[in-house]
Structures are given as structure tokens and as C-alpha cells.
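Overview (structure and organization)
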Amino acid sequence: MPTKLAVGVLWLLAACTGRDPKFQQYYVQGEKLYQQHCSNCHQKKGEGLGRLYPPLAQSDYMQQNFDQVICLMRYGIQGPLTVNGITYNQAMPGVPQLTELELAELATYIYNTGEHARGRVTLEEVARSLKACP
Ligand code: HEC
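Residues numbered from 1 in each chain as written. Predicted model: local features only at pLDDT ≥ 70, side-chain atom pairs only at ≥ 80, totals over all residues. Heavy atoms only, no water.

It is worth spelling out the pattern of salt bridges at this point. Two side chains bearing opposite charge may form a pair once their charged atoms approach each other closely. Under the definition given, this model contains 2 salt bridges. Arg-120 is the salt-bridge partner of Asp-20, the closest N and O atoms lying 2.9 Å from each other. Taken together, the residues span a long stretch of sequence, with Asp-20 in the loop between helix H1 (2-17) and helix H2 (22-37) and Arg-120 in the loop between helix H6 (100-110) and helix H7 (123-131) at a distance of 100 residues. Residue Asp-20 is classed as partly exposed on the basis of its relative accessible area of 28%. Here Arg-118 ties to Glu-125 by a salt bridge, and the two come within 2.9 Å at their closest N and O atoms. (Salt bridge = Lys/Arg side-chain N within 4 Å of Asp/Glu carboxyl O. Helix = DSSP H or I, 4+ residues; strand = E, 2+ residues; numbered from the N terminus. Buried < 20%, exposed > 50% of the residue type's maximum accessible area, 1.4 Å probe, protein only.)

Our next topic: the environment of Leu-123. Note that Leu-123 resides in helix H7. Placed 21 residues apart in sequence, Leu-123 and Glu-102 show a C-alpha to C-alpha distance of 9.3 Å. Leave out the neighbours within four places in its chain, and Leu-123 touches Tyr-26, Glu-100, Leu-101 and Ala-104. (Contact = heavy atoms within 4.5 Å.)

The computed volume of the largest pocket comes to approximately 560 Å³. Along its surface, the largest pocket is lined by 33 residues, and His-42, Pro-54, Leu-56, Leu-72 and Met-92 are the ones closest to its centre. Looking at the lining of the largest pocket, the elements that each hand over two or more residues are H2, helix H3 (39-42), helix H4 (60-64), helix H5 (66-75), strand S1 (81-83) and H6. Of the residues in the lining of the largest pocket, the class split is 24 nonpolar, 9 polar and no charged. (1 Å grid on protein atoms, 1.4 Å probe; cavity = no way out; pocket = protein on both sides within 12 Å on 5 of 7 lines; lining within 4 Å. Points joined across faces, edges and corners; volume = space filled by probe spheres on them. Nonpolar A, V, L, I, M, F, W, Y, C, P; charged D, E, K, R; others polar.)

Here is the structure:
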């Protein structure tokens, strides 16, 4: 009986934490990187700033342009860009020193904050997106 109980407890623990053990780690690291590199413009909670800096917490652009989002974090972006029906047109500088792991962590953070619930963004997804960068 005690063994059965122990097995039951272990199973429960695995069921709770085992889905994607790396999610939490990526999210926490991603939040730190976000506060360091992005929050000055996009604000603490990704709410954006008027017509200058588009929001991330709610963004149809992010939902429709996953590859471009990975690329713009590293290489920046310029030219008109529409988010939730509002057109922005300011240059965003990239952060070229971001590694693929850091890009995955950042993407995991922004894609699971606000209205987004994509789950962890993996290194494989980041590598694939980077190949498509302009
Ligand atoms: C100097 C201010 C600035 C910084 C720092 C900055 N951005 Fe941006 N970001 C912008 C601007 C301005 C645009 C719109 C670009 C355009 O008009 O072409 C933008 C666009 C975006 C978009 C696409 C539009 C949207 O809202 O969905 C995403 C996603 C994004 N930024 C994420 C980030 C992330 C993640 C970081 C940190 C690695 C970051 N940005 C750092 C200013 C900034």
C-alpha cells in the first residue's frame, strides 16, 4: 500500500510539472530579457505607447507574423506596420547579440503574456524562422 501511494504521488507530480518542464525556465528568463531590451519602448506589460510603440500584449501582427517577430528582435524593422488596425511607422533597432536561446526565451515570454497563450517557443522554431529573415 505505501508503495502504491508513493507511485501515485510521483505520478501526480509528473502530471503537473512534466508537460513541458522547460516552459517556466524560458518564460522567467524571457521576462528578464524583455525588461532589459524591450520594455523601454513597449512598456512593462507590453501595452505599447500611443502611436509611437505598438502593443505586444494584444497584437494581431504577432499572431500572423511569427517568423518576422523572431527576425525583428535580432535585426530590427522599419517601414509601415499595422497592429490591431493602427499603422505604426518608426524604426525599431534590433538586438544583434541575442543568441538563439535568448530569442526563444524572449519569444516564449511575449507569446504567453497578455492575450497570447502559444506555449514554449523552441530552439528549432527559432532556427527555422531565422533562416527566413530578409
Ligand atoms: C527603441 C524602441 C524599441 C525597442 C527597444 C524595441 N522595440 Fe519593438 N517595435 C518598436 C517600433 C517603433 C515598432 C514598429 C516598427 C515599424 O513601424 O516598422 C516595433 C515593433 C515590434 C513588433 C511588431 C509589432 C507588434 O506590436 O506586434 C514586435 C513583436 C516587437 N516590436 C517586439 C519587440 C521586442 C521583443 C523587443 C526587445 C527585444 C523590442 N521590440 C524592442 C520599438 C521598439
